[in-house]
Amino acid sequence: MDHDKLVLRDGTEIILESSQGIGTLHVTVESKSAACALWEGFTKDNLSVVTVKNSPGEKTGVYKDMVLDHITGTENQDGMVKIMFSLRERTAQEILEERIAALEEGQQIQDAGIGDLGQAISDMMEGGVQ
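Described below are features of the structure shown in this document. Please read all numbers here as calculations on a predicted model, not as lab measurements.

Things to note about the sheet that holds strand β8 (residues 81-89)
Strand order in the open sheet formed by 4 strands is β3-β4-β8-β7, and the pairing between neighbours is antiparallel. Of all the strands in the sheet, the pair left with one neighbour each is β3 (18-19) and β7 (66-75).

Following this line, the structure appears as structure tokens:
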């Protein structure tokens, strides 16, 4: 049976058992460690662009700035793990908070540079202009 695939930004392809949209995706993996590896692959960078392809390999959806909303798993008696995970777009508030944090970090770097420049000028003035 052919299945759709979820493709992360780094090229990782996840074979979907079924889905009910990007918010409800079902996958079966061979072990708990494989489930953990899958989960760890849902990084911010990998979820920055997510593509869904149908069984012939045609793109059926491209999603940007996604986050892992939640994930659940159940281990079968044979050791296989059924996983259900939900992706969603980042909210405007999440995007704004990230931008503010980046601005604050940049401001701290700039403040340190200004402090260094002030100290250099002060040191030059104390020693006189040569």
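Let's pick the thread back up.
Quick notes on the nonpolar core
The nonpolar side chains of a soluble globular protein tend to be buried with one another. Within the largest apolar cluster, 21 residues are counted, with the highest numbers of intra-cluster contacts made by L6, V29, F42, I83, F85 and L87. If you list the elements that add at least two residues to this core, you get β4 (25-29), α1 (32-40), β5 (49-53), β7 and β8. Tallying contributions element by element places β8 first for this core, with 4 residues. Once residues lying within four places of it in the same chain are set aside, the contact partners of F42 are L6, L8, I14, L47, L68, I71 and F85.

Thoughts on the environment of S33
Assignment of secondary structure puts S33 in helix α1. In the structure, S33 is positioned 80 residues away from G113 in sequence and 46 Å away in space, judged by C-alpha atoms. A distance of 3.0 Å separates the side chain of S33 from the side chain of S31, its partner in a polar contact.

Quick notes on the sheet that holds strand β6 (residues 59-64)
Taken together, 4 strands build an open sheet; the order of strands is β2-β1-β5-β6 and the sheet is antiparallel. Two strands lie at the open edges of the sheet, namely β2 (13-15) and β6, each paired on one side alone. On average, adjacent strands in this sheet sit at an angle of 20° to one another, irrespective of strand direction. Pairing analysis gives 5 bridges linking β5 to β6, with the strands arranged antiparallel. In the sheet register, T51 faces β6, and the bridge partner there is V62.

Calculation notes
- Residues numbered from 1 in each chain as written.
- Predicted model: local features only at pLDDT ≥ 70, side-chain atom pairs only at ≥ 80, totals over all residues.
- Heavy atoms only, no water.
- Pairing = 2+ DSSP bridges.
- Helix = DSSP H or I, 4+ residues; strand = E, 2+ residues; numbered from the N terminus.
- Core = buried A, V, L, I, M, F, W, Y, C linked by side-chain atoms within 4.5 Å.
- Buried < 20%, exposed > 50% of the residue type's maximum accessible area, 1.4 Å probe, protein only.
- Contact = heavy atoms within 4.5 Å.
- Polar contact = N/O pair within 3.5 Å; in protein donor to acceptor, adjacent residues only side chain to side chain.
- Axes fitted to C-alpha atoms, helices over the stretch in contact; angles between N-to-C directions.

Structural measurements only, silent on function.
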